[in-house]
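As a plain string of letters, each chain reads:
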Amino acid sequence: KVFSFWGHIRIQNFESARVAIAEETPIDKSDSVRNLIRKHPSIASIQSFATKNAILKTSESIAGILFKGVERDYNFSNLQPFLMKGRWIHFNDSAYSSEINISQFTSKKLQLDINDKVIIYFIQPDGTTPRPRKLTVTGIYKTGIEEYDKIVAIGDLALIQRLNNWEKNMVGGYEIFVKDYKQMDKISEEIYPDIPIGLKSNTIKELYPNIFDWLALQNQTILIVVIIMVAIASLNLITCLLILVLERTRMIGILKAIGAQNGTVQQLFLIHGAIITITGLFFGNLGGLLVCWIQKKYQFIRLPEDAYYMPTAAVNIVWWQVALVNTVTLLICLLVLLIPTILVKRIRPVRAIQFR
């Protein structure tokens, strides 16, 4: 969601004390930036944008927004999954498009729907009277990320250029989409020497650290839960086999009395423990994958979207990961099963046969 809305890397004028939602200092369109896609094959697309603070006003309510202006070559396919109603703005041959896309949150707050007219007042940085424009709502989107849905609206970059008295070749910055998001930090460093002096490249992780810190915290939580699960499962296996050994003490004594070696007896219990482990893995996989399939199809596990940025628990079954987890689990179980079988060596046949 974050990448689709803002790209992976952003190139803007270098400003050390700038917040993410502040208006950009204009920069001239640069061929050297556009040509990055040729020099770096890992870049998928480059798109220009600009933002401007504004206020939407209806007869009953007002709402402050950050108006994001884009150009006619903007690729809306990245945002298509978030479109709830209507369509994205269309560009025409006039000075600028008089259309706007707003969030579902804003539409409910202002009681706006598709094709409704809305007055937007653009805040001027010099403190002069806000400049009004009448725009038509053509689309309503919802990302589920509160920071975006509460403030961002999408419109024509040409409108911002006119309001700010910019030349047609002036933009607020560039959004870069890369083919592999895991490489965006590396790519950002690689392209820095190739961009004009005075500009800076930042990854979205650097601009919106709160969301990615939250994701990192979730990964740490998952690791802790997995460790606890492995520890509990190992203790259960050890307990299970200890009970098996104790229940079969007389049998062990008899087997040893008729000449069975410790290794043979241990092998019997390992095979029995392996059967229990494989049976558990089978039914565990069957139940787990069934729940995942049902969740993927019917999405019955709901989440508070304002906290998790998604309405339902997401499911993505990667089969090689399933196979890896099963293999590692089986190996750990077999190693754990060796611990109780050590008791077999300590059992003496005479006492074991008399054991009740």
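Given the structure is predicted, the values throughout are model-derived calculations rather than measurements.

A. Just the environment of Thr221, in detail. Within the fold, Thr221 resides in helix H9 (residues 209–247). Taking relative accessible area as the criterion, Thr221 reaches 39% and is therefore assigned partly exposed. A polar contact is formed between the side chain of Thr221 and the backbone oxygen of Leu217, at a distance of 2.9 Å.

B. Up close: helix H10 (residues 249–257). Along H10, the residues that are buried comprise Thr249, Ile252, Gly253 and Lys256. Taken end-on, H10 shows its buried residues confined to a sector of 100 degrees, consistent with a single buried face. Looking at the residues trailing H10, positive phi occurs at Gly259, about 110 degrees.

C. The packing of aromatic side chains, seen in detail. Tallying each qualifying case throughout the model produces 14 aromatic pairs. Taken together, a centroid distance of 6.3 Å and an interplanar angle of 65 degrees make the contact between Trp6 and Phe49 edge-to-face. Taken together, the residues Trp6 in helix H1 (residues 2–6) and Phe49 in strand E3 (residues 43–57) connect sequence positions 43 residues apart. As far as the burial class goes, Trp6 and Phe49 line up, both buried.

D. Structural context of the pattern of salt bridges. Following the criterion strictly, the structure yields nine salt bridges and no others. Here Arg34 makes a salt bridge to Asp73, at a shortest N to O gap of 3.9 Å. Of the two residues, Arg34 sits in helix H2 (residues 31–34) while Asp73 sits in the loop between strand E4 (62–70) and strand E5 (83–86), which places them 39 residues apart along the sequence. The class for Arg34 is partly exposed, based on a relative accessible area of 26%. Residue class for Asp73 comes out partly exposed when judged on its relative accessible area of 44%. The partner of Lys85 in a salt bridge is Asp113, and the shortest N-O contact between them spans 3.3 Å. Of the two residues, Lys85 sits in strand E5 while Asp113 sits in the loop between helix H4 (104–110) and strand E7 (117–122), which places them 28 residues apart along the sequence. Note on Lys85: relative accessible area 42%, which makes it partly exposed. Asp113 sits in the partly exposed class, given a relative accessible area of 34%.

E. Looking closely at the packing of H10 against helix H11 (residues 262–298). Interaxial distance between H10 and H11 falls to 10 Å at its minimum, and their mutual angle equals 145 degrees. Crossing geometry of H10 relative to H11 is assigned as right-handed. Residues Met251, Ile252, Leu255 and Lys256 of H10 touch H11, and the partners they reach there are Asn262, Val265, Leu268 and Phe269. Split into classes, the residues belonging to the contact of H10 with H11 amount to six nonpolar, one polar and one charged.

F. Representation of the nonpolar core within the structure. Counting residues in hydrophobic clusters, the biggest one holds 65 residues, and the most contacted among them are Ile11, Leu36, Phe67, Phe76, Ile100, Ile120 and Ile176. Residue contributions to this core peak at six residues, all from E3. When residues no more than four places from it in sequence are discounted, the contact partners of Ile176 are Gly7, His8, Ile9, Ile11, Leu36, Ile43, Ser45, Ile46 and Ile191. Residues Leu237, Ile238, Val265 and Ile347 belong to the second largest nonpolar core, which totals 13 residues.

G. Seen up close, the pairing of E7. Of the two faces of E7, the one lined by Val118, Ile120 and Phe122 is fully buried and the one lined by Lys117, Ile119 and Tyr121 carries no buried residue. Across four bridges, the pairing between E3 and E7 is antiparallel. For Ala54, the partnering residue across the bridge sits in E7 and is Phe122. Here E7 runs beside strand E8 (residues 131–141); their pairing, made up of six bridges, is antiparallel.

H. The arrangement of unusual backbone geometry in detail. Positioned with a positive phi, Gln111 is a non-glycine residue whose angle comes to about 55 degrees. Looking at the secondary structure, you find Gln111 in the loop between H4 and E7. At Asn165, a position not held by glycine, the phi torsion is positive, near 60 degrees. Here Asn165 shows up in the loop between helix H6 (157–163) and strand E10 (170–171). The exposed category is assigned to Asn165, whose relative accessible area is 64%.

I. Representation of the layout of surface pockets. Here the second largest pocket defines a volume of roughly 360 Å³. Here the residues of the lining of the second largest pocket are counted per class, giving seven nonpolar, four polar and seven charged.

J. Region of the structure containing the environment of Gln80. Residue position: Gln80 is located in the loop between E4 and E5. On the basis of relative accessible area, Gln80 is assigned to the partly exposed category, the value being 43%. Along the chain, Gln80 and Tyr141 lie 61 residues apart, while their C-alpha atoms are 8.8 Å from each other. Polar side-chain contacts of Gln80 include one of 3.0 Å to the side chain of Trp88.

K. Main features of the environment of Lys168. Mapping Lys168 onto the fold places it in the loop between H6 and E10. Taking the C-alpha atoms as reference, Lys168 lies 9.0 Å from Asp28; in sequence the two are 140 residues apart. The residues touching Lys168, leaving out its near neighbours within four places in the chain, are Lys29 and Gln161.

Criteria and thresholds
For every chain, the first residue of the written sequence is number 1, and numbering continues from 1 onward in sequence order. Given that this is a predicted model, residues contribute local features only at a pLDDT of at least 70 and side-chain atom pairs are listed and counted only at 80 or more, while totals for whole chains, interfaces and linings are drawn from all residues. The side-chain quantities take in all heavy atoms of the structure and omit both hydrogens and water. Only DSSP runs of H or I covering at least 4 residues are called helices, and only runs of E covering at least 2 are called strands; the numbering of each starts at the N terminus. Each residue's exposure class comes from its accessible area (1.4 Å probe, protein chains only) as a fraction of the maximum for that residue type: buried when under 20%, exposed when over 50%, partly exposed otherwise. What qualifies as a polar contact is a pair of N or O atoms within 3.5 Å, subject to a donor-acceptor requirement within protein and to the restriction that residues adjacent in sequence count only when both atoms come from side chains. Note that the arc is computed from the directions linking the helix axis to the C-beta atoms. Two rings belonging to Phe, Tyr or Trp (six-membered ring only in the last case) form a pair when the distance between their centres is within 6.5 Å. Interplanar angles under 30 degrees mark stacking, angles over 60 mark edge-to-face geometry, and anything in between is tilted. Here a salt bridge means any side-chain nitrogen of Lys or Arg lying within 4 Å of a carboxyl oxygen belonging to Asp or Glu. Where helices are involved, their axes are fitted lines through C-alpha atoms of the stretch in contact, as for all axes, and angles between N-to-C directions lie from 0 to 180°. Crossing handedness is defined as follows: a turn of the near helix away from the far one that is anticlockwise and smaller than a right angle gives a left-handed crossing, while the clockwise case is right-handed. By definition in these notes, contact holds between two residues if any of their heavy atoms fall within 4.5 Å. Any residue outside Ala, Val, Leu, Ile, Met, Phe, Trp, Tyr, Cys, Pro, Asp, Glu, Lys and Arg is labelled polar, Gly included; the first ten of those are nonpolar and the last four are charged. Throughout this description, the term nonpolar core refers to a set of buried Ala, Val, Leu, Ile, Met, Phe, Trp, Tyr and Cys residues connected via side-chain atoms within 4.5 Å. When DSSP locates at least two bridges between a pair of strands, those strands are taken to pair. Cavities and pockets were defined on a 1 Å grid built over protein atoms only: a cavity is a set of grid points that admits a 1.4 Å probe from which the probe cannot escape, a pocket is an open set flanked by protein on both sides within 12 Å along at least five of seven lines, and lining residues are those with an atom within 4 Å of any such point. Grid points are joined across faces, edges and corners, and a volume is the space filled by probe spheres set on the points.

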